[in-house]
Every structure is written in structure tokens, then in C-alpha cells.
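Single-letter residue listing:
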Amino acid sequence: MTCQLEISRLFHERGQHVEVSHNFWDQIKTQMKGRNLSNKSLSTWLDPIQFIESQQKSDRVRFILGVPNPLHQYYVVENLQEKIISEISETYKTPFEVEFIVTGKAMPLPPESPQAFEEAFSRPSHGQPSNQYVYKETKSPQSDPLNQEMTFSTFVVGKNSEFAHAACYNVARNPGTDDYNPLFIFGPVGMGKTHLLHAAGNHIRETSPHLRITYISFERFLNECITAMRHHHMDKFRLKYRDNTDILLVDDIQYIGKGEATQNEFFHIINTFIDLKKQVIVASDRMPKDILNIEDRNRTRLERGLIADITMPDLETRIAILRYKAEKLGLRVSEDVVVYIAKISKRSIRELEGNLKKIKMFSELQGLEINYELVKRVLAQHETQSSISVEEIQRMVADHFKVKPCDLKAATRAKPIVVPRQIAMYLIKKFLDKSLVDIGKAFGGKDHTTVMNALQRVQYLQSQDQDLFKDIEELETRIHNITGM
């Protein structure tokens, strides 16, 4: 039975009311060219692809396509595979998959091909005949690589991060412990959460090389899941995360609310890991209860283990971080320079490192020695950051929301007062980097827990309420205009 007749039979058996002609694959190629008229190189790669056969599997059909050589195979998989699958799915509406094999038939190298691919993909893998080199996915799905520079030894621990650091270190030494699974790290952007994820992964890889580690951002996890659903590869997706991973490190988990189906998959992955004593560590910029659109079952799963926060380091810790970073960059800087940079870099550790690199670059470009005068001149814009006071921010917020500044310091819990008060606390923390205790004192003696809850609440409301987001954006713009930040 020819491959075209086989396809016709499959369509008939599955109840498809689609007539498939003997030149099925030629029609697919013609349709693809018609949709991509501007792509002049498409024919060069598409025309040599041959339809080899179709195979009936338990729940889907496998279409096997032949390509002339490994280089051609690599290019097609990287650049055309999704288009081919999409084009076939326009006609064939039930589950299928496409596999590319090397037929070994000679073909001139396309002129626009990267020559570097020729050598890398010129031979079939060991144990396979040259005319049956079967493509195996080498790029996707894959985890993001661990950063070898991000280890526990390169993480500067301060009061702001000692609990999160200790939690990650203990989990890395003994992964899968029920009380610490999952480990949930949260804190503002640029505080070192990603560093701790990589540090845990690197430690586990060094001490337990047999464990399979997957580090991935949740946005990539989301995209992989959507792609797997679209192309009917959910079995492969689940195999990767449920069966072929022992340690799962997920960054930016706050994006979990973007997809309902993805939440369902993640829920089952978490359950599988907990049941099998496999370790999950996730990082987020907010608490589980403040993640937008998260399902209750996922929230409770994320809350069942250990939650550790990480905040902006104090001045002493910022100085220690700068000393370490300067040494890594090979910079010799005086103590007064280090203290100055630490004092004006209050928003994140990334800002700290960014200012140091800015000084290094300016010094090298200008051929100047790094001293206090040079640093003050290069970073002069940061000196205006404290040119607005707590009282000015309170007055600005009160004026914007049509309330009295004294109302923000009152004990009332009325919503027209509570929300502006919380926003004022948020702006003071963001632009002046006051401690939670100091912020509480500025609002009539509120305790630090009230301030912390206010900051988390504002972060949540910004993602939920578009009008409130615009209010905060307008207030931040006014502060920027005043301070030059």
C-alpha cells in the first residue's frame, strides 16, 4: 500500500470527511509556498523534503518525512518544523506528529546555509545506518543552563537574605525533604532570588550528579506547555517534567496566572514531585496569596512547604557586596568610594552592580583613576534621589486622592483612606528606601507588619486594577520629575 493510500485510509478510519489525493505532500508544500511568497529561500529547503510513510500509533498518526542530509534536517527542524505542522493541521484535524529522517540522498548544500553546520551535522549518531538518521530533539524542550558563577560561595549574605540563603542551602544539601517542598523564595526584583536558585542547582549538581536538574523561567514553561498542546506533544512535555527531572527550579512563578491549562499541568507536576520526594524550588516577586489569578489549589501547594523572603540589603551588606563585586571585576577602589556607591544605590543589588560597572567603563574609556571625585561626577544624578521627603510624598498622594495628609496617619480603615495610605508607604519605600519601622512611624506609629502588608497589597493591586496602576504611574512620574531619578 502506498503512503498516499495509507493516508487516505487513516482519514477514512477516523471519520474525516477530507479527500486526500495521491500528491498530498506536494499540496502541503504548495500551500506553504503560497503563504510565504516573500520567503525566497523556502523552496530551497522545502522542495527536497519527501514523504516517506505514515505509521498508525495508538492515539495518533506519525508522518515520516525524509531530508537529504543532517544539515538539511537541522535547518528544517529549527526553522520550518512548526510551519509544516501548522500547515498539515489545517487539513488533518486529529492528533498527529511529524518525524524527520535523513535519507542519505545527495543534495548540494543550499547557498544560504551556515557552513558551520556542515561539520557538526555531517555524520549520523553511532549505531544508526547513514540512511536512517532519526531526528531527536536537541533544543526544545530543554532547561535553561545553570550559571556556574552563581553559587553559595559567591552570594553575599546579609540580614536581608540570611533566612532565604540558609533555606536554599539546606534544601540543596538534602533535597526532597517534605517540610521544605516546595521552597518558595519571594522578594522584589533584583534582590538575588535567581542567584539562589542557580546556587542550589549548582550545589546539587556537584554533590549529587546523578540527579537531573531543570531550571526554567515560568514564561518559558508556559510557552513550552502551549506549544506542546498545539502540536499534540503533551506526553513528551509531561515526560520531561514529571519523569525526567528530579530537581525543578522555576523562576518568576508570579506569571502562573497567565494560563489555566498551564496551571493544571503545573499542579500535577507539583503533586508528582511531592509524592516522589523530588525537590521543587520556585522564586517570585510576591507571596503566593498575592499572585494574580492563581488557582486556590496551586496557591495552597506553593504555601505547603517553606516560604522565605529576601529584601533590599542594608548599608553594611551593600558595602560587602560592592567589595566582592569590585574584586571580581579587578577594580581597586578606596573605602570612601565603596561607601558612597553603597549609599546612593538603594533600589536593588542590580543597581549596585550596574553603578560599579558604569564607573569601571567610564574609567577605562577616559583613562582616569577611580577616585571619590570621579565617582561623584559620574553618579551625580543619584545624589538627587533623596531630594524629596516623606512628608512631600504624603502630601503628593493625599492631594492626588483628594484626602488630607493627616488622614493618612489616622487609625481609620476606611477604603478611601487605606488605599492612598498604602500607596504612600509603597512610594516612600521605593524612592527613599526607608525601613519598615521608620515608615510605620511616619504614619502614626503603624507597626512594621502593617507596612509590609501594605507594600505587598499595592504590588498585587497594580496587576489587578488598571486605574490604580495609572494612579501610581502618575505619582511615580511626578516624583521622577522632582528627583531626577
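Residues numbered from 1 in each chain as written. Predicted model: local features only at pLDDT ≥ 70, side-chain atom pairs only at ≥ 80, totals over all residues. Heavy atoms only, no water.

Draft legend 1. The sheet that holds strand 6 (residues 213-217), seen in detail. Pairing is parallel across the open sheet formed by five strands, whose spatial order is 6-7-8-5-9. On the outer flanks of this sheet lie strand 6 and strand 9 (306-309), each paired with one strand and no other. Strand after strand, the sheet turns through a mean of 15 degrees between neighbouring axes, direction not considered. For strand 5 (residues 183-186) and strand 8 (residues 279-284), the ladder comprises four bridges, and the chain directions are parallel. Pairing of Phe184 across the sheet is with Val282, part of strand 8. Contacts from helix 7 (residues 162-173) reach strand 5, strand 8 and strand 9, with the element oriented near 140 degrees to strand 9. (Pairing = 2+ DSSP bridges. Helix = DSSP H or I, 4+ residues; strand = E, 2+ residues; numbered from the N terminus. Axes fitted to C-alpha atoms, helices over the stretch in contact; angles between N-to-C directions. Contact = heavy atoms within 4.5 Å.)

Draft legend 2. Quick look at the packing of helix 10 (residues 234-243) against helix 11 (residues 260-275). Two elements in contact, helix 10 and helix 11, have axes whose closest approach is 10 Å; the angle formed by their N-to-C orientations is 35 degrees. Judged by the sense of rotation from one axis to the other, the crossing of helix 10 with helix 11 is right-handed. Contacts between helix 10 and helix 11 involve Met234, Phe237, Arg238, Tyr241 and Arg242 from the former and Glu265, His268, Ile269, Thr272 and Phe273 from the latter. Classifying every residue of the contact of helix 10 with helix 11 gives five nonpolar, two polar and three charged. (Left-handed = near helix turned anticlockwise from the far one by under 90°. Nonpolar A, V, L, I, M, F, W, Y, C, P; charged D, E, K, R; others polar.)

Draft legend 3. Just the packing of aromatic side chains, in detail. As enumerated under the stated definition, the model contains nine aromatic pairs in all. Arranged with centres 5.5 Å apart and planes meeting at 70 degrees, the rings of Tyr340 and Tyr372 form a pair that is edge-to-face. Here Tyr340 is found in helix 14 (residues 335-344), whereas its partner Tyr372 is found in helix 16 (residues 372-378), with 32 residues between them in sequence. Taking the relative accessible area as the measure of exposure, Tyr340 reaches 8% and is therefore buried. Through a chain of ring-to-ring contacts, the aromatic side chains of Phe218, Phe221, Phe237, Tyr241 and Phe266 assemble into a single cluster. Over the ring of Phe273 we find Lys278, and its NZ or CZ is 5.5 Å from the ring centre. The aromatic ring of Phe267 is capped on one face by Arg297, whose charged end is 4.2 Å from the ring centroid. (Phe/Tyr/Trp six-rings, centres within 6.5 Å; stacked < 30°, edge-to-face > 60°. Buried < 20%, exposed > 50% of the residue type's maximum accessible area, 1.4 Å probe, protein only. Lys NZ or Arg CZ within 6 Å of the ring centre and 35° of its normal.)

Draft legend 4. Examining the side chain of Thr151 more closely. Within the secondary structure, Thr151 is located in the loop between strand 4 (133-134) and helix 7. Its relative accessible area of 19% is what places Thr151 among the buried residues. Setting aside chain neighbours within four positions, we find Thr151 in contact with His195, Ala199 and Asn202.

Draft legend 5. Region of interest: the nonpolar core. Judged by nonpolar contacts, the single largest core of 31 residues is most densely connected at Ile393, Ile423 and Leu427. Among the secondary structure elements, those contributing two or more residues to this core are helix 17 (390-400), helix 19 (415-432), helix 21 (448-464) and helix 22 (466-483). With 10 residues, the top contributor of residues to this core is helix 19. Once you skip the residues sitting within four places of it in the chain, Ile423 turns out to touch Phe401, Val458, Leu468, Ile472 and Leu475. (Core = buried A, V, L, I, M, F, W, Y, C linked by side-chain atoms within 4.5 Å.)

Draft legend 6. Structural detail: the pairing of strand 6. Summarising burial for strand 6: four of the five residues are buried, a large majority. Pairing geometry for strand 6 and strand 7 (residues 247-251), over five bridges, is parallel. The residue bridging Ser217 from the neighbouring strand is Asp251, located in strand 7.

Draft legend 7. The arrangement of the pattern of salt bridges in detail. As enumerated under the stated definition, the model contains 18 salt bridges in all. With a shortest N-O distance of 2.5 Å, Asp47 and Lys33 are connected by a salt bridge. Within this pair, whereas Asp47 is found in the loop between helix 3 (42-46) and strand 1 (50-56), its partner Lys33 is found in helix 2 (residues 24-35), the two being separated by 14 residues in sequence. What makes Lys33 partly exposed here is its relative accessible area of 26%. For Arg323, the salt bridge is made with Glu335, and the minimal N-O distance between the two is 2.4 Å. One end of the pair, Arg323, is in helix 13 (residues 315-328); the other, Glu335, is in helix 14, with 12 residues separating them in the sequence. Here Arg323 falls in the partly exposed class, since its relative accessible area comes to 43%. (Salt bridge = Lys/Arg side-chain N within 4 Å of Asp/Glu carboxyl O.)

Draft legend 8. Main features of the packing of helix 13 against helix 14. Where helix 13 meets helix 14, the closest approach of the two axes is 9 Å, and the angle between their N-to-C directions is 125 degrees. Between helix 13 and helix 14, the angle is such that the two are oblique. As for the relative orientation of helix 13 and helix 14, their crossing is right-handed in sense. Mapping the contact onto sequence places Leu315, Arg318, Ile319, Leu322 and Arg323 in helix 13 and Glu335, Val338, Val339, Ile341, Ala342 and Lys343 in helix 14. The residue inventory of the contact of helix 13 with helix 14, partitioned by class, reads seven nonpolar, no polar and four charged. (Parallel < 35°, antiparallel > 145°, perpendicular 65-115°, else oblique.)

Draft legend 9. Quick look at helix 10. Among the residues of helix 10, Met234, Phe237, Lys240 and Tyr241 are the ones counted as buried. Buried residues of helix 10, seen end-on, are gathered within an arc of 125 degrees and therefore sit on one face of the element. On the buried face of helix 10, the contacting elements are strand 6, helix 9 (218-230), strand 7 and helix 11. (Arc of directions from axis to C-beta.)

Draft legend 10. Up close: helix 5 (residues 81-91). Taken as a whole, helix 5 has its buried residues at Gln81, Ile84, Ile85, Glu87 and Ile88. Down the axis of helix 5, the sector holding all buried residues measures 165 degrees, keeping them to one side.

Draft legend 11. Summary view of the pairing of strand 7. Most of strand 7 sits out of view: five of its five residues are buried. With burial as the criterion, each face of strand 7 is covered, one bearing Ile247, Leu249 and Asp251 and the other bearing Leu248 and Val250. When strand 7 meets strand 8, the two strands line up parallel, connected through four bridges. Within strand 8, the position partnered with Leu248 by the bridge is Val280. In this fold, strand 7 hands off to helix 11, which returns the chain to strand 8; that crossover is right-handed. (Right-handed = clockwise from strand over helix to strand, strands pointing away.)

What is shown is where atoms sit, not what they do.
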